[in-house]
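# Summary of the model geometry
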Amino acid sequence: MNIEIKRLCKSYDGHTVLSDIDIELHNGIYGLLGQNGVGKTTLIKILMKLIVDYKGDILTDSVNIRKYKDEYFHKIGYLPQYPQFYKNFTAQELILYIGTLKGMDRHTVLDRMEELFEKTNISRYRHQKIGGFSGGMRQRLGICQALLNDPELVIFDEPTAGLDPIERMNFKNLISGISENKIVILSTHIVEDLTAIASEIILLSNGRVAISGAPDVLTGSIRGHVNEQEIAYSEYDEFMSRTANISSVVNNGNGYTLRYVTNNSDNDTNIIPNMDDVFIYYAMMQKQR
């Protein structure tokens, strides 16, 4: 599956949310990154055909999604940030129900359920009521329902919310394993998750694509814009009051080591930028201009 987003624009009551978005997606993992309010959710809703009054075009394998009817939804799997399920259903009952809604036959659903329950480590909870699930267990169940129909496009909104470190690692391994023949979009605020698994990151700012590319391309684009400085404990308040765009503060035992991003490109080029620095530079500093 290929997706071409061409000159996509969306406004609400005269306020532009997305402006001239041009993106081409192929099989792989894409990280959708940006501050709240930059249009990530709107873009996701448009891709899912939950919003249809927009300007521009979205093509899947050269066919405009406006021409699709129900068959388009069979191509999509979606996990919202806070999945809501019927609390009186067991995990197995829910998956069977979702399978019915997606038009799948029972035998296929059962086979697929066994595979996904095993991968997400919830097989032993299959007969437990969802009302007794922890947030992490509901998230894992949400992953199962999103992947149930073996979709070509999978969209995860804050997928690791509520997962412990082991579950986050398992999730990233699972997603990496399915991305060979799918387009996977991860919308998240956890930059570390994107750096670990995304083949490309799309960073939105002011409703536009500020920059996109592989993580190493993005970090390389701000080489020389990152600085580090050690300060005494007593200098902290004064330094913080005059220095914005700080990406990390580390207590080194004698004071603090501060890492910050600047517009100047003549800083120490031996300092290797990370994705937190990239986020600050493109999503925050460029927005201030």
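In case you missed it, the structure is sitting above this.
So, here's what we can say about the structure.

Thresholds applied
- Residues numbered from 1 in each chain as written.
- Predicted model: local features only at pLDDT ≥ 70, side-chain atom pairs only at ≥ 80, totals over all residues.
- Heavy atoms only, no water.
- Pairing = 2+ DSSP bridges.
- Helix = DSSP H or I, 4+ residues; strand = E, 2+ residues; numbered from the N terminus.
- Expected span 1.5 Å × (residues − 1).
- Buried < 20%, exposed > 50% of the residue type's maximum accessible area, 1.4 Å probe, protein only.
- Arc of directions from axis to C-beta.
- Contact = heavy atoms within 4.5 Å.
- Salt bridge = Lys/Arg side-chain N within 4 Å of Asp/Glu carboxyl O.
- Polar contact = N/O pair within 3.5 Å; in protein donor to acceptor, adjacent residues only side chain to side chain.
- Phe/Tyr/Trp six-rings, centres within 6.5 Å; stacked < 30°, edge-to-face > 60°.
- Axes fitted to C-alpha atoms, helices over the stretch in contact; angles between N-to-C directions.

## Structural notes on the sheet that holds strand β1 (residues 3-12)
- One open sheet holds the 4 strands; their spatial order is β2-β1-β4-β5, and the pairing between them is antiparallel. Strand pairing shows two members of the sheet lacking a second neighbour, β2 (15-25) and β5 (63-64), which therefore form its edges.
- Bridging between β1 and strand β4 (residues 55-60) involves 5 bridges; their strand directions are antiparallel. Each bridged residue has a counterpart across the sheet, and for cysteine 9 the counterpart in β4 is lysine 55.

## Observations regarding helix α6 (residues 165-178)
- For α6, with 14 residues, the first-to-last C-alpha span of 20 Å sits near the 20 Å given by 1.5 Å per residue.
- Those residues of α6 lying buried are Glu167, Arg168, Phe171, Lys172, Leu174, Ile175 and Ile178. Buried residues along α6 cover an arc of 160 degrees about the axis, so they all sit on one side. Seen from the open side of α6, the exposed residues pointing more than 90 degrees away from its buried face are Pro165, Ile166, Asn173 and Gly177.
- Of the surrounding elements, those touching the buried residues of α6 are β3 (28-33), α4 (106-120), α5 (135-147), β7 (153-157), β8 (183-187) and α7 (191-197).

## A word on helix α1 (residues 40-47)
- The buried count for α1 comes to 6 of 8 residues, which makes it a mostly enclosed element.
- Taken together, the buried positions of α1 are occupied by Lys40, Thr42, Leu43, Ile44, Ile46 and Leu47.
- Just beyond α1, the residue with positive phi is lysine 49, at close to 65 degrees.

## What about the pattern of salt bridges?
- A full pass over the atoms with the stated rule returns 13 salt bridges.
- Through salt bridges that share partners, Arg112, Glu115, Lys119, Asp150 and Lys182 make up one connected network.

## A closer look at the environment of threonine 120
- Of note, threonine 120 is situated in helix α4.
- Sequence separation between threonine 120 and alanine 283 is 163 residues, and the spatial gap between their C-alpha atoms is 33 Å.
- Sequence-distant contacts of threonine 120, defined by excluding residues within four places in its chain, comprise Arg140, Ile143, Cys144 and Leu174.
- A polar contact is formed between the side chain of threonine 120 and the backbone oxygen of leucine 116, at a distance of 2.7 Å.

## Comments concerning the environment of alanine 244
- Counting through the fold element by element, alanine 244 comes out in the loop between α9 (236-242) and β12 (246-251).
- Separated by 36 residues in the primary sequence, alanine 244 and isoleucine 280 place their C-alpha atoms 10.0 Å from one another.
- Ignoring sequence-local partners within four residues, the contact set of alanine 244 consists of Tyr260 and Val261.

## What about the pairing of β7?
- Among the 5 residues in β7, 5 count as buried, and that is most of the element.
- Burial along β7 is two-sided: Leu153, Ile155 and Asp157 facing one way and Val154 and Phe156 facing the other are all buried.
- The pairing of strand β6 (residues 76-79) with β7 spans 4 bridges and is classified as parallel. What sits directly across from leucine 79, in β7, is phenylalanine 156.
- Across 5 bridges, the pairing between β7 and β8 is parallel. Directly across from isoleucine 155, in β8, lies its bridge partner isoleucine 185.

## Comments concerning the packing of aromatic side chains
- Considering all chains together, one arrives at 11 aromatic pairs under this definition.
- Taken together, a centroid distance of 5.9 Å and an interplanar angle of 70 degrees make the contact between tyrosine 86 and tyrosine 97 edge-to-face. You can see tyrosine 86 sitting in the loop between β6 and α3 (91-101) and its partner tyrosine 97 sitting in helix α3, a full 11 residues away along the chain.
- The exposure class of tyrosine 97 is partly exposed, given its relative accessible area of 32%.
- With a centroid separation of 5.1 Å and 85 degrees between ring planes, the pair formed by tyrosine 233 and tyrosine 256 is classed as edge-to-face.

## Description of the sheet that holds strand β13 (residues 255-261)
- As summarised here, the arrangement of the 3 strands in space is β11-β13-β12, forming an open sheet in which the pairing is antiparallel. Pairing within the sheet leaves two strands with one partner each, and these edge strands are β11 (226-232) and β12. Here the average twist between neighbouring strands, direction ignored, is 20 degrees.
- Across 7 bridges, β11 lies against β13 in antiparallel orientation. What sits directly across from isoleucine 231, in β13, is tyrosine 256.

Function cannot be read off these values alone, since they describe shape.
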